[in-house]
Amino acid sequence: MNYDCRLAVTLPRPAGLLALLLAVGAPACGETEDASATAPTSGDTSSSTGEDTLGTSGQLPTTTDGPVTETGGSEGATDSATDGTTTGDATTSTTGTTSPVTSTDGTTSTTSTTSTSTTSDTTGDETTGTTGEPSDSDCLLEGFANPDTALKLDYDQFGPIIGSHCKGTNHQDITDIERVVFLGDSVTVGTPPQLGDDYYRSKLADVLVDRFGLTPPNALWKQANPIDGVALVKESGDFVSCSKWGARTDDFLPPGNQVDDCFPPDMFDKRTLVITTMGGNDIAAIAKDGANGMPLDEVKANAAEAADLLRQTAHWFVDDPAKFPNGVFLVFANVYEFTDGTADLMACPAAGLGGFDKPWQNPAELIDVMVGFNEQFMSVAVETGTDMIFMLENFCGHGFKAGDPSAPCYRGPGQQNWFDLTCIHPTAQGHTVIADLFTAVIDE
């Protein structure tokens, strides 16, 4: 979707409009995407196609202070066992193996990968079961009222290391940071009506100053420029922001310019932490194209291309040890959505203003595209030894269908909406949650 980012004229181009939605009866999220890439450090990473949707509730978002992370939000989350269930004739079992993943500071850790086998019974139905260790990602189902029908992505196919906090992965040992760079879209820049001090990058900067003894940014750096859609001041103290309203994954590397702008060669010797939210505008455009009649194969190809641009960017940071001789670390977010897994693009009252005035003819297809897109984000984290926060899973159940007991992400009555009146940007409480997710991953 092609938003103009001029304040008080139209909405900023979305930074995370759609996300993974697993409505009841939707296809499983483990189907393979033809355009998937291979993860050299963790075995093959076949992509699962998936989808995203938006929910309807008509409730206006509320802003509440306080760091609250719903899904997997407690430290030391306990993993739950995954039992095999029978749905028909074939039985699929998964066994765990391990393979080394090299982090961006040159250390090596071990990550589990999975292999799958299928057997058949006399009826021809399929049964999926898991053998070996319980899945670490099971903690992501905690907090949902109906875990059996809740949002569930097949991250295990890539063998990630999930942090004990269940707020993201744990592939890097992030220490001794000297410079912090924010890349990405309007979620990272921050948008009105939220105030500059409420933006997650502002909150996270305050935390990182304390963690690493950094020089803090000034007050202007924490503000958004409504004319250009960027931080009012690009660089202050040990902090830089090259994020911009409406940015997509092709804005990371040329022909975009975020990486070039924020990483001049004379800064390569700084031990650097890179933080980003990106991908929401890509999926918003993809969803709009599908609703307007683009063939599904083209929609899937566009989603695969967008995910691959994130992959290329991650490799730009980690592949050449001479580029950042003192170390570089990348932490990115997956893509959230405001429909709480219902795939209802009309969920937010202002959705039509962003171009979402048509539903998909088959919402399950959109879910399929979005699930695959977000699963490929995980494959990037595993493949490159970088980290991903679970923004999607934590926001699901805090959108415009938060009060709908039939929604896949329903968490119970009285849940807050963490999306503001633009439908696609976080409230102050939402920004607090994002800052908390990044903090947990960085600290562990």
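Residues numbered from 1 in each chain as written. Predicted model: local features only at pLDDT ≥ 70, side-chain atom pairs only at ≥ 80, totals over all residues. Heavy atoms only, no water.

A. Region of the structure containing the packing of aromatic side chains. Tallied over the full model, the rule gives 21 aromatic pairs. With 4.9 Å between their ring centres and 85 degrees between their planes, tryptophan 316 and phenylalanine 317 make a pair best called edge-to-face. Looking at tryptophan 316, the relative accessible area reads 22%, which means it is partly exposed. Within the aromatic cluster, the residues linked to one another by ring pairs are Tyr336, Phe338, Phe395, Phe400, Trp418 and Phe419. The positively charged end of arginine 179 is found above the aromatic ring belonging to phenylalanine 263, 5.8 Å away from the centroid. (Phe/Tyr/Trp six-rings, centres within 6.5 Å; stacked < 30°, edge-to-face > 60°. Buried < 20%, exposed > 50% of the residue type's maximum accessible area, 1.4 Å probe, protein only. Lys NZ or Arg CZ within 6 Å of the ring centre and 35° of its normal.)

B. The environment of histidine 398, seen in detail. With respect to the helices and strands, the residue histidine 398 is situated in the loop between helix H7 (391–395) and helix H8 (428–443). Residue histidine 398 is classed as buried on the basis of its relative accessible area of 1%. For histidine 398 and arginine 411, which are 13 residues apart along the polypeptide, the C-alpha to C-alpha distance reads 8.4 Å. (Helix = DSSP H or I, 4+ residues; strand = E, 2+ residues; numbered from the N terminus.)

C. Highlighting the state of the cysteines. Tallied over the full model, the rule gives 4 disulfides. Linked covalently through their sulfurs, cysteine 139 and cysteine 166 form a disulfide whose S-S length is 1.8 Å. On the sign convention where negative means left-handed, the S-S torsion of about 85 degrees between cysteine 139 and cysteine 166 marks this disulfide as right-handed. Taken together, the residues span a long stretch of sequence, with cysteine 139 in the loop between strand S6 (126–128) and strand S7 (179–184) and cysteine 166 in the loop between S6 and S7 at a distance of 27 residues. For the pair formed by cysteine 139 and cysteine 166, the shared burial category is buried. Each bonded cysteine in the protein chain gets a number by its place in the sequence, and the pairs come out as 1-2, 3-4, 5-8, 6-7. (Disulfide = S-S within 2.5 Å.)

D. Examining the environment of aspartate 251 more closely. Of note, aspartate 251 is situated in the loop between strand S11 (239–241) and helix H3 (258–262). Accessibility expressed as a relative area gives 23% for aspartate 251, which makes it partly exposed. In this structure the C-alpha to C-alpha distance between aspartate 251 and leucine 310, which are 59 residues apart in sequence, comes to 9.9 Å.

E. Quick look at unusual backbone geometry. Of note, the amide linkage connecting proline 192 to proline 193 takes the cis form, showing an omega dihedral of 10 degrees. Relative to the elements of secondary structure, proline 193 occurs in the loop between helix H1 (186–189) and helix H2 (200–212). At the junction of proline 254 and proline 255, the peptide bond is cis and its omega measures out at 15 degrees in the coordinates. Residues other than glycine seldom take positive phi values, yet aspartate 176 does so here, at roughly 55 degrees.

F. Broad picture of the sheet that holds strand S10 (residues 235–236). Pairing is mixed across the open sheet formed by 6 strands, whose spatial order is S10-S11-S7-S12-S13-S14. Of all the strands in the sheet, the pair left with one neighbour each is S10 and strand S14 (387–389). Sheet analysis places strand S13 (residues 328–333) next to S14, joined by 3 bridges and oriented parallel. When the bridges of S14 are listed, phenylalanine 332 appears paired with methionine 388. Sitting on the sheet, helix H5 (residues 296–318) touches S7, strand S12 (272–277) and S13, and the angle it makes with S13 is about 160 degrees. (Pairing = 2+ DSSP bridges. Contact = heavy atoms within 4.5 Å. Axes fitted to C-alpha atoms, helices over the stretch in contact; angles between N-to-C directions.)

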